[in-house]
Structure formats: structure tokens, C-alpha cells
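One letter stands for each residue in the lines below.
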Amino acid sequence: MNRAQHDRMANAIRALSMDAVEQAKSGHPGLPMGAADIATVLFTQFLKFDPADPQWPDRDRFVLSAGHGSMLIYSALHLLGYEAMTLDQIKRFRQLGSITAGHPEYGHTPGVETTTGPLGQGLGTAVGMAIAERHLAAEFGGEAVDHFTYVLASDGDLMEGISQEAIAFAGHLKLNRLVVLFDDNGISIDGPLSLADSVDQVKRFEACGWNASRIDGHDPDAIATAISKAKTSDKPTMIACKTVIGYGAPTKAGKSSSHGSPLGADEIKGAREKLNWSEPAFAVPADALTAWRAAGQRSKAMRKEWDKRIAALPADKRADFERRMRGDLPGTLNAAVRAVKEALSAAPKEIATRTASEFALESIVPAVPEMVGGSADLTGSNNTRTKSMKPMTASDYAGRFIHYGVREHGMAAAMNGMALHRGVIPFSGTFLVFSDYCRPSIRLAALMGVRAIHVMTHDSIGLGEDGPTHQPVEHLAALRAIPNLNVFRPCDAVETVECWQLALEARKTPSVLALTRQNLPQLRLGHDEKNRCAAGAYEIVPADGVATVSLFASGSEVAIAVEARKFLREKGVHARVVSVPCFELFLATSEETRRAVIGDAPAKVAVEAAVRQGWDAIIGSDGAFVGMRDFGASAPYKELYKHFGITAEKVAEAALKKLGKS
């Protein structure tokens, strides 16, 4: 391809982008116009993909971390011949029902690998994709897994704190299949980048163990040379591509005015003249379109060769690879869960649910080989590493346990990337209070519908002496507020293994397992084949007669509710206890089912060592609640429960008061 041909192809991206933004009267034309040369070189010379099968397992992954520049990828997908990305979709940019949303959305648009927009998230997610690629290559061999992950990142991505966690960890693991193309245009929304930032990004990446260089982002030969070099690197690579935002716009190029607003009719007219683009709006000349469509077919031979290699694998290895890439669970999971429940039935355990989780994982992890665990430097506290799990290192990517270091945000984003890549089910651990650090990534996992499992221990004032900085109070309510996120809080060892089973079976829903530090009695005795937690809530202890009180609780407070039932019985009051391990599953059941579980007892009392928010959906606004109204304190946990009034006696008092018997 000569320079004139390259320019025609790059200008097709620029023209479609500025036209779509103008028609929508909303959007960001600056990045697509500035980074069009980078995208043209990458997509036409390097990226391995198949427009006819956007989910081809061995495709290269392209992550537009700077999601505001979404018209860059939409234009490229259309030009390359992705069937769903029609010209009509380009014209309907940012309109209801289109696949061209304001920011790229996974599952919404074929060819989009991850939802981006919150800056830094794409970069963090890409690290997880690169981890998954290396791990699966170590397991199944280069004949099955052999691809790169490319990221187009903006200065905003690199200013967000998550970027440091991501690049430091990628450098530590020497993820040499990860290439970041930095759109170094020196402009932010407020104006010149120099207003707020003066970091030398090349030195920063080098300090984190990357190869890094600077090039002219409008020189296709320089771009191609840099990417070629990156593909032979023994480290991840960052290429700082110096570009002009809004390239081609006569008065707005190089200015913040081209970043996040339509250029306007006069500016677009001038850009067309400057770019020597005489086509009307949304029109792409035949020569440019033909060249782009040819580029879209460039990987066909590679795809056919990969198909042959997969077909040549041993039958059991091929079947396992294909199963994992589909996201299907192995048939061995149910047997592993059954074995744990039978063991607990034979020998009940009074243990913390974090310990119960480890006990369950000792059976589940060997049964589900795609599970890759980890912890944010809290392995011994989260209990997420089983005896059989070797650490993943730069010299051994086959390991199934990742030491993330103190990088909760980067960890959660990487988990999303592993889940999106497929072939891996990521789980990891931190304290529940630090879910705040993970929240943006958890929210995106829920939005995308990916299976990422967060083990969050030390789930209440029950952690004791570490005090209010580490005691979650509002966190359960905050997590339960996220749509499409299952928050599990099991009450004992049996519920813990059942919640693990449900989290693994939730293919399109991320999960949080909120687990205790303190020991809890095993309330579920005897073996029950049924997963009772699947209902979200169920009667764990019935009333001796007709119930006048229903006690509802989750996690560690279920045992308190069971004790409160005994106090009430001594006063001649019949109470039943309902365990509520998962609000989301319970509220998803039919109204009839919910009504049966909630019951019609005149007094409804909920107890949870957290704030009340969310419980009214079960107990009603007139129900009584025993829990937290303020932050915790530093003391042994039994003293804290007494101090804050979360005791069986107080629960019984609340019930009697509702009955008018206090």
C-alpha cells in the first residue's frame, strides 16, 4: 500500500466519524480523526480477525480504551465488512435501538471486545485478556492459542489511577502479547494536557517493565515498524503515537474544541477540502471501500489453518478447549458440590464462611479446570488459594493462582478481561470494604454480563479489632443496588458451597460472595441434594406452630435469628426463620413464590450487620430491622455485636414490640 492509498483509507474513517457525530449532534470526532492512521495500519496490516465470525477464539483482541472515540471502531467495523455494522447503523450513531452506542458496548455490537468509556477500564481489561491468552496457550499449546491484544489508549486512560495498577502488573508478568498504542495528542477536555499533567509516559512505562517508544502517529511506515517490533518483544509494549486531535479540521484540529462536540457544517466542509475528500456525507468511494473489504478478508487463510490445527488436536483436548471457549461448565462440578455437602452432612463444621469457601474450593477447583483464582495481597485472609493451585508467574503462565498485589481495581478489571476472553472463569479475593476499589469494574462486569466471581471476606463488624475503616456497613446495600449482580451472603458451610455452585452457573452475571472472618455454626444438617440457596431465600427453621413472627437474616446473622426464635418460644411466641443468601435471586422469583417465603406473620423482623437499605422489599416499610445505623468500632467482634445491639435478645425484643408485647 502506498501513501496515497493509505490516506484514502484513513480518510474514510475520518469522514464517517465526523459525519456520524454531526448527524447525531453529539459525540467525539477528535480521536477518530486523529487516530485514523493508527487504526488503518493496525487493522489492515496486523490485526488477526474474521468479520464472518467475530467470536473466533484465536482472533487478536482490539480494545478501544478511549471509548469516547467509538466512531473509530464503528467506522472500521463497517469498512472491514462486519455484516451487522451497516451504513444505516453508522447513520444512527447514538440513537435508541442502534448498535452504535455513544461508547462501545460488549454484547451489543459484534466486533466490540469490551465495554469502554470509563477511562482506564479498557486498559485494565486488556491486561486480563493478555493473561488469559498466555494461560490458555500454556494449557492448550500455541497451535490453539496464539494471538495478541492491542489497546488504543488516550491520555485520560493513562491519567486514571487504574492505569498504574494495570501497567505495573502487566510489566511484572511480562505480558509480551500486549501492545498499547497511546494516542498522544496532548489535548484534554479542559484544553492542553499541560494544564494538568506532565508525566513522561515513555519513562513511566519503561519503569514498569515495558518496552516503550515515541513515533509520529501520522506516519504509516513508522506505525508499522513499531508494531512489527512490538510483536517480537519479550515484554509488553507501549507505542506513544504523536497525533493531532481532529486531524484535517481546518480551525479545530489540535484543539480541545474537536474533542467532544460536532465539528459543525462549515468545519466539516473545510475538512473535506483539506483531506481531498469530495464524497458527500456517509459516502465512501469504491476504491477505498474495496481496499478496506480486502483487508477484512486478510486473515481468512490464518483462520483456515487454525481450524486445521484445532481439528488435529487429540479429541479430549479439543473437546475441553471448545467447551471452555463456549463457557459450558464440566459435568464434574455437580459431583464436586455433592461431595462437599455429603462431607458436611457427615461431619458438620463450625467455621468461618471464608474457611468454608476454601473447603468447597478444594473440591471445586480440580473439577473446574478453567477456574483461575487470585487475591489482592490477602491470600491467607481470603482463603482463595487451594493446595493444588500453583502461582501464575512470568515463567509459568499455566499456574492457576494470581498474586495481584495491592491492586484491587486493576484486579477486578483484569478479571473482566479474562472472562471476556473466554476459556477462563476468574475469581479473586479482597475484603468486602475494598469493594469500593473494585466497584467500577464490577459495575462494568454486570453491564456486560460476564462471569467474574469476587470473594469478599471480612464482611461486617464481625471482623472485629481492625475497626470502622475495615468494617463494611453500607457495602452490601451498595453492591445489591447494581443491576445484574448477584450478592451472596451464606450463613454456614453448606450455603457457602451452594452459593459457589450458583456463582459458577451464572454465565451472564457476575457474583460477590460476602464471607465472614468469625466462625459460624452449621445450621444446615443432614444431606439435601437440592440447592436451597437457588431460591434466594428459604425457610431454614420453621415455626413450632402457626407463626406470628417471621425472622429474616443473611450470613452470620441467621444464627442470631435462630437463637432469637428460641427466646420467643420461651415466651410462647411462634417464630420461623428465613435465610436470605441472595436478594437478587429471591426478587427474581414469581410473586407467588415470594409471598409464600415471606409469609403472612403479623411481625416481620430482619437482622443484618449492615444498613437497612434494601430490606424493605422483604419486610415492608413497617417491618422491624436490627442492624447498623453508623460506622463500626475497634473491639473484639462479640463485644461489637453486643454494643451495636445485634443480638438474639434484641431481635426477640423487636419482634415482641411489633406484636405489642414488649
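The structure under discussion appears in the preceding block.
None of these values were measured; they are calculated from a predicted model.

Chemist: Tell me about the overall build of the protein chain, and name the residues and values.
Modeler: Helix and strand content of the protein chain: 27 helices and 18 strands. In terms of its C-alpha atoms, the protein chain occupies a principal-axis envelope of roughly 90 × 55 × 45 Å. Counting across all 662 residues of the protein chain, residues that qualify as buried make up 61%. Considering only contacts within the protein chain whose residues lie at least 6 apart along the sequence, 78% involve residues at least 24 apart. Total accessible area on the protein chain stands at roughly 24300 Å², and carbon and sulfur atoms take up 51% of it. Separation of charge centres in the protein chain, based on 74 positive and 76 negative side chains, amounts to 2 Å.

Chemist: Residue-level account of the nonpolar core, with values.
Modeler: Residues Ile364, Met371, Phe427, Trp500, Leu551, Leu568 and Ile646 are the most contacted members of the largest nonpolar core, which totals 70 residues. Ranked by residue count, the leading element in this core is helix 21 (residues 493–505), at 8 residues. Among all residues touching isoleucine 646, those that are not within four sequence positions of it are Ile461, Glu557, Ile560, Val607, Ala609, Val626, Gly627, Met628 and Tyr641. Ranked by size, the runner-up nonpolar core spans 59 residues in total, among them Ala39, Ile73, Val179 and Val284.

Chemist: Could you give an account of the pairing of strand 15 (residues 549–553), with specific residues and numbers?
Modeler: With 5 of 5 residues buried, strand 15 is to be regarded as a mostly interior element. In strand 15, alternate side chains face the same way, and those of Val549, Leu551 and Ala553 on one face and Ser550 and Phe552 on the other are all buried. In terms of strand pairing, strand 15 meets strand 16 (residues 575–579) through 5 bridges, oriented parallel. Bridge pairing links serine 550 to arginine 576 in strand 16. In this region the chain leaves strand 15, passes through helix 22 (residues 557–570) and returns to the parallel neighbour strand 16; the handedness of that crossover is right-handed.

Chemist: Give me the packing of helix 6 (residues 121–140) against helix 18 (residues 408–421): which residues, what numbers.
Modeler: When two helices pack together, their arrangement is captured by the angle between the axes and the distance separating the axes. Following both chains from N to C, one finds helix 6 and helix 18 inclined at 55 degrees, their axes separated by 6 Å at the closest point. As judged from the angle between their axes, helix 6 and helix 18 are oblique. In the packing of helix 6 onto helix 18, the handedness of the crossing is right-handed. Every residue of helix 18 that contacts helix 6 at Gln121, Gly124, Thr125, Gly128, Met129, Ile131, Ala132, Glu133 and Leu136 is listed here: His409, Ala413, Ala414, Asn416, Gly417, Met418, Leu420 and His421. The residue inventory of the contact of helix 6 with helix 18, partitioned by class, reads 8 nonpolar, 8 polar and 1 charged.

Chemist: Could you give me a rundown of the packing of helix 1 (residues 3–24) against helix 12 (residues 286–296), with the residues and numbers involved?
Modeler: The contact between helix 1 and helix 12 brings their axes to 9 Å, and the two run at 95 degrees. If you check the angle between helix 1 and helix 12, you find them roughly perpendicular. Across from Arg8, Met9, Ala12 and Ile13 in helix 1, the residues of helix 12 making contact are Asp287, Ala288, Ala291 and Trp292. Grouping the constituent residues of the contact of helix 1 with helix 12 by class yields 6 nonpolar, no polar and 2 charged.

Chemist: Mind laying out helix 11 (residues 265–274), listing which residues take part and the relevant values?
Modeler: What helix 11 keeps buried is the set Glu267, Ile268, Gly270, Ala271 and Arg272. Where helix 11 terminates, the next one or two residues include asparagine 276, which has phi positive at roughly 55 degrees.

Chemist: Account for the sheet that holds strand 18 (residues 624–626), naming residues and giving values.
Modeler: The strand order across the open sheet built from 5 strands is 14-16-15-17-18, with neighbouring strands paired in mixed fashion. Sheet topology places strand 14 (538–541) and strand 18 at the edges, where each strand pairs with a single neighbour. Taken over all neighbouring pairs, the strand axes of this sheet differ in orientation by 30 degrees on average, direction set aside. Across 3 bridges, the pairing between strand 17 (residues 603–607) and strand 18 is parallel. Bridge pairing links alanine 606 to phenylalanine 625 in strand 18. With respect to the sheet, helix 24 (residues 591–598) is in contact with strand 14, strand 15, strand 16 and strand 17, its orientation differing from that of strand 16 by roughly 130 degrees. Of the strands in this sheet, strand 15, strand 17 and strand 18 are in contact with helix 27 (residues 648–658), which crosses strand 17 at around 155 degrees.

Chemist: Now, about the packing of aromatic side chains: what can you tell me, with residues and values included?
Modeler: Scanning the entire structure with this criterion turns up 15 aromatic pairs. An angle of 70 degrees between the planes, with centres 5.1 Å apart, marks the rings of phenylalanine 43 and phenylalanine 62 as edge-to-face. Note that phenylalanine 43 is positioned in helix 3 (residues 36–46) and phenylalanine 62 in strand 1 (residues 61–64), a separation of 19 residues in sequence. The residues phenylalanine 43 and phenylalanine 62 share a single accessibility class, namely buried. For the pair phenylalanine 434 and tyrosine 437, a centre-to-centre distance of 5.7 Å together with 15 degrees between the ring planes defines the contact as stacked. Take tyrosine 437: its relative accessible area is 48%, and that puts it in the partly exposed class. Through pairs of rings, three or more aromatic residues link up here, namely Phe43, Phe49, Phe62 and Tyr82. Just above the ring of phenylalanine 359 sits the side chain of lysine 349; from NZ or CZ to the centre is 4.9 Å.

Chemist: So what's going on with the state of the cysteines? Residues and values would help.
Modeler: Counted under the stated rule, the structure contains 0 disulfides. You can see cysteine 491 has no disulfide; the closest cysteine sulfur is in cysteine 533, sitting 7.1 Å from it. Unpaired in terms of disulfides, cysteine 582 finds its nearest cysteine sulfur in cysteine 499, a separation of 7.2 Å.

Chemist: Quick one: what's the story with the sheet that holds strand 7 (residues 237–242), residue by residue and with numbers?
Modeler: Strand pairs in the sheet, formed through backbone hydrogen bonds, run parallel or antiparallel to each other. Strand order in the open sheet made by the 5 strands is 1-2-3-7-6, with parallel pairing throughout. Each having just a single partner strand, strand 1 and strand 6 (211–216) make up the two edges of the open sheet. Each neighbouring strand pair of the sheet contributes to a mean axis angle of 20 degrees, computed without reference to strand direction. Alignment of strand 1 against strand 2 (residues 149–153), held across 4 bridges, turns out to be parallel. Paired with arginine 61 across the bridge in strand 2 is threonine 149. In this fold helix 10 (residues 220–230) packs onto strand 2, strand 3 (178–184), strand 6 and strand 7, with an angle of close to 170 degrees to the strand it touches most, strand 6.

Chemist: For unusual backbone geometry, give the residues involved together with the corresponding values.
Modeler: At asparagine 276, a position not held by glycine, the phi torsion is positive, near 55 degrees. Here asparagine 276 is to be found in the loop between helix 11 and helix 12. With a relative accessible area of 64%, asparagine 276 lands in the exposed category. Unlike most non-glycine residues, arginine 422 shows phi in positive territory, near 80 degrees.

What counts and how
- Residues numbered from 1 in each chain as written.
- Predicted model: local features only at pLDDT ≥ 70, side-chain atom pairs only at ≥ 80, totals over all residues.
- Heavy atoms only, no water.
- Helix = DSSP H or I, 4+ residues; strand = E, 2+ residues; numbered from the N terminus.
- Buried < 20%, exposed > 50% of the residue type's maximum accessible area, 1.4 Å probe, protein only.
- Contact = heavy atoms within 4.5 Å.
- Areas by Shrake-Rupley, 256 points an atom, 1.4 Å probe, with all protein chains shown as cover.
- Lys, Arg positive; Asp, Glu negative; His and termini not counted.
- Charge placed at Lys NZ, Arg CZ, Asp CG, Glu CD.
- Core = buried A, V, L, I, M, F, W, Y, C linked by side-chain atoms within 4.5 Å.
- Pairing = 2+ DSSP bridges.
- Right-handed = clockwise from strand over helix to strand, strands pointing away.
- Axes fitted to C-alpha atoms, helices over the stretch in contact; angles between N-to-C directions.
- Parallel < 35°, antiparallel > 145°, perpendicular 65-115°, else oblique.
- Left-handed = near helix turned anticlockwise from the far one by under 90°.
- Nonpolar A, V, L, I, M, F, W, Y, C, P; charged D, E, K, R; others polar.
- Phe/Tyr/Trp six-rings, centres within 6.5 Å; stacked < 30°, edge-to-face > 60°.
- Lys NZ or Arg CZ within 6 Å of the ring centre and 35° of its normal.
- Disulfide = S-S within 2.5 Å.

That's the geometry; what it means functionally is another story.
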